[in-house]
Amino acid sequence: MRVTERVRRPLLRATALLSALTLAVSGCTLRWNAQEGTGRGDIVIGGSFALSGPLAVTGVVGAGAQAYFSRVNAEGGVRGRKIRFQLLDDAYDTSRLTANMRRLAEQDGATLVMAFGGPAISIRPYLASRKVPMVALAGQSPFSDVRAFPYARAWWPDIAQEGRIAGSFLKSEFPGAKAGLLGLNNDLTPSQAAGLESAGLTLAKTIKVAPNVVDLGPQVNELRAAGVDVLFLSVGGAAQSAVLRLMAQIGYHPKVMLYSAQSEYTTTLKPAGPAAEGVYTTQWAKDPADPRWADDPMVRQFTADMDEYGHSVDRDKLLALNGYGAAAAVVEALREAPDLTAEGFLESWDSLRGAPNPALLPDLSLNGGPDGRLIRTYQVQRYDGRTWQRENTP
Amino acid sequence: MSAPTTASRRSLPWPWIAAVVWALAVPFLFSDYDLLQLSRVWSVALAVASLNLLSGYAGQVSAGHGALFGLGAYTGVLLVGEGGMPWPVALLGALVLCLGAGALLGLPALRVDGLGLGLITIAVAALFPLVVTRFESLTGGAVGYALGAPPLSAPGWTGLADAQFAYLVVLAVCGVAVLGLRNLTRGRFGRSLEALRTSSLMAVSNGVETRRLTLTVFALSAGVAGLAGALNALALTLVTPDTFTLAFSLTLLAASVVGGTRSWAGAIVGGAFVTYLPQLMSDNMGGGSSGQWAQVAYAAVLLLVLYFAPRGVVTFVRAGLARLGARRTREKTA
């Protein structure tokens, strides 16, 4: 029986369409295959970071964490179980972060997840409803509200506290000076401003710019015109060093305090050259590129692990060591936990006392508390052209 | 030999029937996470379809549909979160608000066209996240607005999971909307648009009220884009200003071109392209460099489509199938 012309063409189209549609869902998981919960197998830890997009420089935290987890696996894992680290890209976009978290929580059966920055604030309600702990590499103040969001913890100290410490140092060192803040137009700047002002520092000028805008001549001139002689600089990326160089070029020399996460050797101090001499920062973590730590055994281990597990290009980045340290804190909490459930992990995280960590400055250690954070102290430091020197704080 | 064209027009639309059956089977086959992704695909496809109406059929430029999508998203979420309204009301509210916004956007289009209009829409797209962040008390600012409970929750009598219900709602609304747009462009309205696109002078001389038509098509396109945004936001239960940047508007344009600016099926291809490509790269290229590979792949696909299939992927495939069918017929008669 011949298939008539009338049926053949649409049939061909239908077949083509169905093939395309089936191909489209070939990557999907069948409902009855989607696994949930922690089995006896690998411990699944999810990580969603900005591996691409305008804030991709922050993505190296994922590389650092991956290196640490890989070494832990090489040494036998946690309680005999290997860690499966699922590293996903969200390009700092909340939609993609939401999708990633759904996948990690619902499909990959993650025991806990890690995320970076502001977008992680918005994902807390969902993770609470799924009872999946999150360790956020973020300093935003909302993360200290553990009572409202009991499943979210932050690895970084509260930046309002950093602002407070920086503010009181600047106020006592340079009394009567006019203070200014040059930061990004995201959620970070309000917390920083709040912290600085809570120390009694009055901000004469606050300017916000978009990330990755390197030519900040107009903004610097505006600060100069306002008479700012103490500046908190938090623009990040290439702009951080560009601003230092520009100020040196035009003969504008305010006292500069760099935001702790943007005071790296590789991206800020070296490119700025002599213009970086005399800048301050508050610090709680080591910078692997700082000559001070060249012989530090933990930093050496970090560098070796980065090389071993394919991340040698990021071996001297501050944020990479930061991510490595976050992973170390997570593993420490898992090791000390009564069991590998969400509640067990959280209980252990909050009970850490005096635990060492490869990312921390020598006399600091991890201590859990009611705000869910592990680090509460900063050291004020000054760059002498070669390395950071500790300043005495009141 | 049997007469080809008139017969095939009256034959059953097999492809669409097959697609509908497949789409309805999906929620019972795949995991909740995949259903979320597919809901995103459908809602982005609807936004691309609205852009197709404006660009492909009416010949107007818009690099600002990301902002309209975002406006709909915020409206939908705020109506549910702050206004306590049920989701159908939120969707309707988003549609109506964006209809109005589209009419406003159409006003400059009456005076300016082409490059000038493109620049105006770019400005709108660039300003949108900044304006949203500024009204922090209403919108939650840079951190965004999260809904506590999922608004698209399945009523008890259906026995469906929330993700399944949400998917079906998104599918139903997008399906009805695209069908509506398709019928609109095949009727009298479509012919007027065609006239407007070809030459406004010719359109006027044929009795088409060009000013009213332009405003109407802008309003319609914006309304549908806003509806798509509201659907997307209600499925994700979260909105942030960073999602609706100028880059997103340009992504929608790229998706429209890749699928085919006059193709409704192409809108679905575009939606899938936007949602799945980054994920695909991430899964296959491994964590670290996947972000860069996604951008490379994006650019490569766009270039290839523009070079080999300038009218879009769907048109290209259809033409290929037609040639395949014609060749078989010729072989038979030879």
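Residues numbered from 1 in each chain as written. Chains lettered and ligands numbered in written order. Predicted model: local features only at pLDDT ≥ 70, side-chain atom pairs only at ≥ 80, totals over all residues. Heavy atoms only, no water.

## Structural notes on unusual backbone geometry
Residues and elements named next belong to chain A.
Thinking step 1. One non-glycine residue, Ala91, adopts positive backbone phi at about 50°.
Thinking step 2. In this structure, Ala91 sits in the loop between strand S2 (83-89) and helix H3 (94-107).
Thinking step 3. Phi angles above zero are rare outside glycine, and Tyr92 is one such case at about 60°.
Thinking step 4. Looking at where Tyr92 falls in the secondary structure, it is placed in the loop between S2 and H3.
Thinking step 5. With relative accessibility at 12%, the residue Tyr92 sits in the buried group. (Helix = DSSP H or I, 4+ residues; strand = E, 2+ residues; numbered from the N terminus. Buried < 20%, exposed > 50% of the residue type's maximum accessible area, 1.4 Å probe, protein only.)

## Some points on the packing of aromatic side chains
Thinking step 1. Evaluated as defined, the whole model comprises 19 aromatic pairs over all chains.
Thinking step 2. Ring plane angle 70° and centroid distance 6.5 Å describe the contact between B:Tyr74 and B:Phe128, whose orientation is recorded as edge-to-face. Of this pair, B:Tyr74 sits in helix H4 (residues 65-81) while B:Phe128 sits in helix H6 (residues 115-134), and the two are 54 residues apart along the sequence.
Thinking step 3. Overall, the relative accessible area of 11% leaves B:Phe128 in the buried class.
Thinking step 4. An aromatic cluster is built from B:Phe69, B:Tyr74, B:Phe128, B:Phe244 and B:Phe248, whose rings are joined through pairwise contacts.
Thinking step 5. Of note, A:Arg124 hangs over the ring of A:Phe149, and the distance from its end group to the ring centre comes to 3.9 Å.
Thinking step 6. Here the basic side chain of A:Lys286 rests over the ring of A:Trp293, its NZ or CZ set 5.6 Å away from the ring centre. (Phe/Tyr/Trp six-rings, centres within 6.5 Å; stacked < 30°, edge-to-face > 60°. Lys NZ or Arg CZ within 6 Å of the ring centre and 35° of its normal.)

## Let's talk about the pattern of salt bridges
All names here are of chain A.
Thinking step 1. The final tally for this structure, using the stated rule, is 17 salt bridges over all chains.
Thinking step 2. Salt-bridge contacts for Asp89 lead to Arg96; the nearest nitrogen and oxygen are separated by 3.5 Å.
Thinking step 3. Note that Glu222 and Lys205 form a salt bridge whose closest N and O atoms lie 3.2 Å from each other. Residue Glu222 is found in helix H8 (residues 217-225), and its partner Lys205 is found in strand S7 (residues 203-209); the two are separated by 17 residues along the sequence.
Thinking step 4. Judged by relative accessible area, Lys205 falls into the partly exposed class, the value being 25%. (Salt bridge = Lys/Arg side-chain N within 4 Å of Asp/Glu carboxyl O.)

## Things to note about a nonpolar patch on the surface
Residues and elements named next belong to chain B.
Thinking step 1. On the surface, Leu127, Leu130, Val131, Phe135 and Leu138 cluster together into a nonpolar patch covering about 490 Å² of accessible area.
Thinking step 2. Broken down by element, the residue count for the nonpolar patch peaks at three residues, all from H6.
Thinking step 3. In this structure, Val131 sits in helix H6.
Thinking step 4. Using a relative accessible area of 41% as the deciding quantity, one classes Val131 as partly exposed. (Patch = residues over 30% accessible without salt bridge, like charges linked within 9 Å, V, L, I, M, F, W, Y side chains within 5 Å. Areas by Shrake-Rupley, 256 points an atom, 1.4 Å probe, with all protein chains shown as cover.)

## What about the sheet that holds strand S4 (residues 134-137) of chain A?
All names here are of chain A.
Thinking step 1. With parallel pairing, the five strands of this open sheet are ordered in space as S2-S1-S3-S4-S5. The sheet is open, and its two borders are formed by S2 and strand S5 (152-154), each paired with just one other strand. Averaged over all adjacent pairs, the angle separating strand axes in this sheet is 20°, with direction ignored.
Thinking step 2. Inspection of the sheet shows S4 paired to S5 by three bridges, in the parallel sense. (Pairing = 2+ DSSP bridges. Axes fitted to C-alpha atoms, helices over the stretch in contact; angles between N-to-C directions.)

## Brief notes about the domain arrangement of chain A
By convention, interface size is frequently given as the accessible area that disappears when the constituent parts associate.
All names here are of chain A.
Thinking step 1. According to the domain assignment, chain A contains domain 1 (43-157 + 294-377) and domain 2 (159-283).
Thinking step 2. Here the C-alpha centroids of domain 1 and domain 2 sit 28 Å apart.
Thinking step 3. Contacts between the two partners involve 15 residues from domain 1, matched on the other side by 14 residues from domain 2.
Thinking step 4. In terms of surface lost to domain 2, no three residues of domain 1 exceed Pro54, Gln140 and Leu318, which account for 30% of the buried area on that side.
Thinking step 5. Summed over the shared surface of domain 1 and domain 2, the result is zero salt bridges.
Thinking step 6. Put simply, domain 1 and domain 2 have four residue pairs in polar contact (both at pLDDT 80 or more) between them.
Thinking step 7. Looking at side-chain class alone, the side of domain 1 that touches domain 2 contains eight nonpolar, four polar and three charged residues. (Domains from an automatic or database assignment. Contact = heavy atoms within 4.5 Å. Buried area = accessible area lost by both parts, 1.4 Å probe. Polar contact = N/O pair within 3.5 Å; in protein donor to acceptor, adjacent residues only side chain to side chain. Nonpolar A, V, L, I, M, F, W, Y, C, P; charged D, E, K, R; others polar.)

## Describing the nonpolar core
One recurring pattern in soluble globular proteins is that nonpolar side chains are buried together.
Thinking step 1. Ranked by size, the top nonpolar core spans 82 residues in total, and within it B:Trp42, B:Leu46, B:Tyr167, B:Leu193, B:Val217, B:Val239 and B:Phe244 carry the most contacts.
Thinking step 2. Sorting elements by how many residues they give to this core places helix H3 (residues 32-57) of chain B first, with 13 residues.
Thinking step 3. With residues near it in sequence (within four places) discarded, B:Trp42 still touches B:Trp22, B:Ala23, B:Tyr167, B:Val170, B:Leu171, B:Cys174 and B:Ile268.
Thinking step 4. Counting 79 residues, the second-largest nonpolar core is a separate cluster that includes A:Val72, A:Leu203, A:Leu352 and A:Leu360. (Core = buried A, V, L, I, M, F, W, Y, C linked by side-chain atoms within 4.5 Å.)

## Section: the state of the cysteines
Thinking step 1. Under the defined criterion, the tally for this structure stands at zero disulfides over all chains.
Thinking step 2. As a non-bridged cysteine, B:Cys98 has B:Cys174 as the owner of its nearest cysteine sulfur, 14 Å distant. (Disulfide = S-S within 2.5 Å.)

## Focus on the sheet that holds strand S9 (residues 255-258) of chain A
Residue and element names in this part refer to chain A.
Thinking step 1. Taken together, the seven strands give an open sheet; going across it, the order is S7-S6-S8-S9-S10-S13-S14, and neighbouring strands pair in mixed fashion. Strands at the two margins of the open sheet, each flanked by one partner only, are S7 and strand S14 (388-390). Taken pair by pair, the neighbouring strands of this sheet meet at an average axis angle of 25°, ignoring direction.
Thinking step 2. In terms of strand pairing, strand S6 (residues 179-184) meets strand S8 (residues 230-234) through five bridges, oriented parallel. Bridging across to S8, Gly183 finds its partner in Ser234.

## Section: the packing of helix H2 (residues 60-74) of chain A against helix H11 (residues 297-308) of chain A
All names here are of chain A.
Thinking step 1. At a minimum axis distance of 9 Å, the contact between H2 and H11 shows a crossing angle of 95°. Here H2 is positioned roughly perpendicular relative to H11, judged by the angle of their axes. Residue-level inspection shows Ala63, Gly64, Ala67 and Arg71 of H2 in contact with H11, the latter providing Gln301, Asp305 and Met306.
Thinking step 2. Tallied by class, the residues present in the contact of H2 with H11 amount to three nonpolar, two polar and two charged. (Parallel < 35°, antiparallel > 145°, perpendicular 65-115°, else oblique.)

## Some details on the confidence of the model for chain B
Thinking step 1. Mean pLDDT over chain B: 85, with 92% of residues reaching 70 or higher.
Thinking step 2. For chain B, per-element mean pLDDT is lowest for helix H1 (residues 5-10) of chain B, which scores 44, and highest for H4(B), which scores 95. (pLDDT = per-residue confidence, 0-100.)

## Details of the packing of H3(B) against helix H9 (residues 188-198) of chain B
Residue and element names in this part refer to chain B.
Thinking step 1. Packing of H3 against H9 leaves a shortest axis separation of 9 Å and a crossing angle of 50°. It follows that H3 is oblique to H9 by the angle criterion. Counting all contacts with H3, which are made through Leu53, Gly56 and Tyr57, the residues of H9 involved are Leu193, Glu194 and Arg197.
Thinking step 2. Class assignment for the residues of the contact of H3 with H9 results in three nonpolar, one polar and two charged.

## Things to note about the environment of B:Ala90
All names here are of chain B.
Thinking step 1. Relative to the helices and strands, Ala90 is located in helix H5 (residues 87-111).
Thinking step 2. When the C-alpha positions of Ala90 and Leu79 are compared, they lie 5.5 Å apart, and in sequence the two are 11 residues distant.
Thinking step 3. Residues in contact with Ala90, not counting those within four places in the same chain, are Gly76, Leu79 and Val80.

## Some remarks on the pairing of strand S1 (residues 43-49) of chain A
Residues and elements named next belong to chain A.
Thinking step 1. Of all seven residues in S1, seven are buried, a share of seventy percent or more.
Thinking step 2. Sheet analysis places S1 next to S2, joined by seven bridges and oriented parallel. Looking at the pairing, Ser48 lines up with Leu88 of S2.
Thinking step 3. Traced from S1 through H2 to S2, the parallel crossover comes out right-handed.
Thinking step 4. In the sheet, S1 pairs with strand S3 (residues 112-116) via four bridges, with the strands oriented parallel. From the neighbouring strand, Gly47 faces S3, where its bridge partner is Met114. (Right-handed = clockwise from strand over helix to strand, strands pointing away.)

## Focus on the pairing of strand S13 (residues 379-383) of chain A
Residues and elements named next belong to chain A.
Thinking step 1. Where burial is concerned, most of S13 is hidden: four out of the five residues are buried.
Thinking step 2. In this sheet, S13 lies alongside strand S10 (residues 280-283) in antiparallel orientation, the contact comprising four bridges. Across the sheet, Tyr280 pairs through a bridge with Arg382, a residue of S13.
Thinking step 3. Two elements, S13 and S14, share three bridges in a ladder whose sense is antiparallel. The residue of S14 that forms the bridge with Gln381 is Arg390.
Thinking step 4. Once S13 ends, the chain turns through four residues before running back antiparallel as S14, passing Gly385 with a positive phi of about 105°.

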